[in-house]
Amino acid sequence: MKPSILVARAVFPEVLDKLAQHFQVTSNQNDELWMPAQLIEKMQGMQGAFTTGSERISAELLAACPDLKICANMAVGFNNFDLDAMSAAGVLGTNSPDVLTDTTADFGFALLLATARRLSESEHFLRAGHWSRWRYDMFAGAEVHGSTLGILGMGRIGQGIAKRGAHGFGMNVIYHNRSHLDAATEAACRARWVSKSELLASSDHLVLVLPYSAQAHHTIGVAELAQMKCTATLVNIARGGIVDDAALAAALRQGVIAAAGLDVFEGEPAVHPDLLTVSNVVLTPHIASATQSTRRAMAQLAADNLIAYLVHGKALTPLNCKLPATTASIK
Ligand code: GLV
């Protein structure tokens, strides 16, 4: 008998077709948003789950779903997983790295450009019919080429942004990360490690690309914003919660920094109401990886992880490899 899996959100039909070759699939093609108790109910008897960053895999859910063996995230981030609890319960988590790196780096750079060059603000002005004449300082923004690009979190996506900035826009690239990149990678990115305080103080454009964790909560708050240049822009394509959104809205209103571009928000899809009322912020609904081909590749990778683990015994991109010996491989 085929193992049973739950596809917790709507997904490309061809991905469902592929999964159906191997599994009894229960899918949520209506894309209903389930409360945690509903997710637990839907997960009953399931050995696998195809999840997105929106489904929280908690200790409570794991305790209530003893048949579960794997949750495959269609996302590179996995802060929706309680990975310790999953390991303790013998449940594997997988994510979808690599396939979205360049697409997400492209978007990070697009958001940087839109923010620095005031794209949204000026378009709203035009659409509202306010454009009546040329003016010497109309929507004069910040220079991008030749400026200093700061990157906080220098993983694959951070490196992609660094390369775009250094090679495409002649930017001076600095980064901060727990560990230094090796010399060859630093050279390829033309990037230099600096302390966090130097990063904050020296960046003309600061892009956040670090993973979310409890320790990373409010990495950028009142104190950090105060250390930035008043002409600086801040771009967050990492995760909501890394920036204190209330503090950022106040800083944007008070001119502590010049502008921000945000693709992720604390408590999204809710957006802090103060961010909606400041003009010097570009807001997008968590779409950094959203191209047709990349979203397809992410969904295929999540599906392939389910097949690789539940059918062949070894996942492609496992997150918690140290499962108890009896459950590390299901074969
Ligand atoms: C998107 O935020 C992802 O983690 O893939």
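About the cut-offs
- Residues numbered from 1 in each chain as written.
- Predicted model: local features only at pLDDT ≥ 70, side-chain atom pairs only at ≥ 80, totals over all residues.
- Heavy atoms only, no water.
- Axes fitted to C-alpha atoms, helices over the stretch in contact; angles between N-to-C directions.
- Helix = DSSP H or I, 4+ residues; strand = E, 2+ residues; numbered from the N terminus.
- Parallel < 35°, antiparallel > 145°, perpendicular 65-115°, else oblique.
- Left-handed = near helix turned anticlockwise from the far one by under 90°.
- Contact = heavy atoms within 4.5 Å.
- Nonpolar A, V, L, I, M, F, W, Y, C, P; charged D, E, K, R; others polar.
- Domains from an automatic or database assignment.
- Buried area = accessible area lost by both parts, 1.4 Å probe.
- Salt bridge = Lys/Arg side-chain N within 4 Å of Asp/Glu carboxyl O.

## Quick look at the packing of helix α5 (residues 101-116) against helix α7 (residues 156-169)
At step 1: Two elements in contact, α5 and α7, have axes separated by 8 Å at closest approach and are oriented at 55°. With respect to α7, the element α5 is oriented oblique. Of the two elements, α5 crosses α7, and the hand of that crossing is right-handed. Residues Thr-101, Asp-102, Thr-104, Ala-105, Asp-106, Gly-108, Phe-109 and Leu-113 of α5 lie in contact with α7, whose contacting residues are Arg-156, Ile-157, Gly-160, Ile-161, Arg-164, Gly-165 and Phe-169.
At step 2: Partitioned by chemical class, the residues of the contact of α5 with α7 number 6 nonpolar, 5 polar and 4 charged.

## Section: the domain arrangement of the protein
At step 1: Assigned domains within the protein: domain 1 (4-97 + 292-310) and domain 2 (101-283).
At step 2: The partner domain 2 presents 4 residues to the 5 residues of domain 1 that form the contact.
At step 3: Summing both sides of the interface, domain 1 and domain 2 together bury roughly 430 Å²; the carbon and sulfur share of this comes to 50%.
At step 4: Contact with domain 2 buries area across many residues of domain 1, yet Asn-79, Pro-97 and Thr-294 alone supply 73% of it, more than any other trio.
At step 5: Where domain 1 touches domain 2, the interface holds 0 salt bridges.

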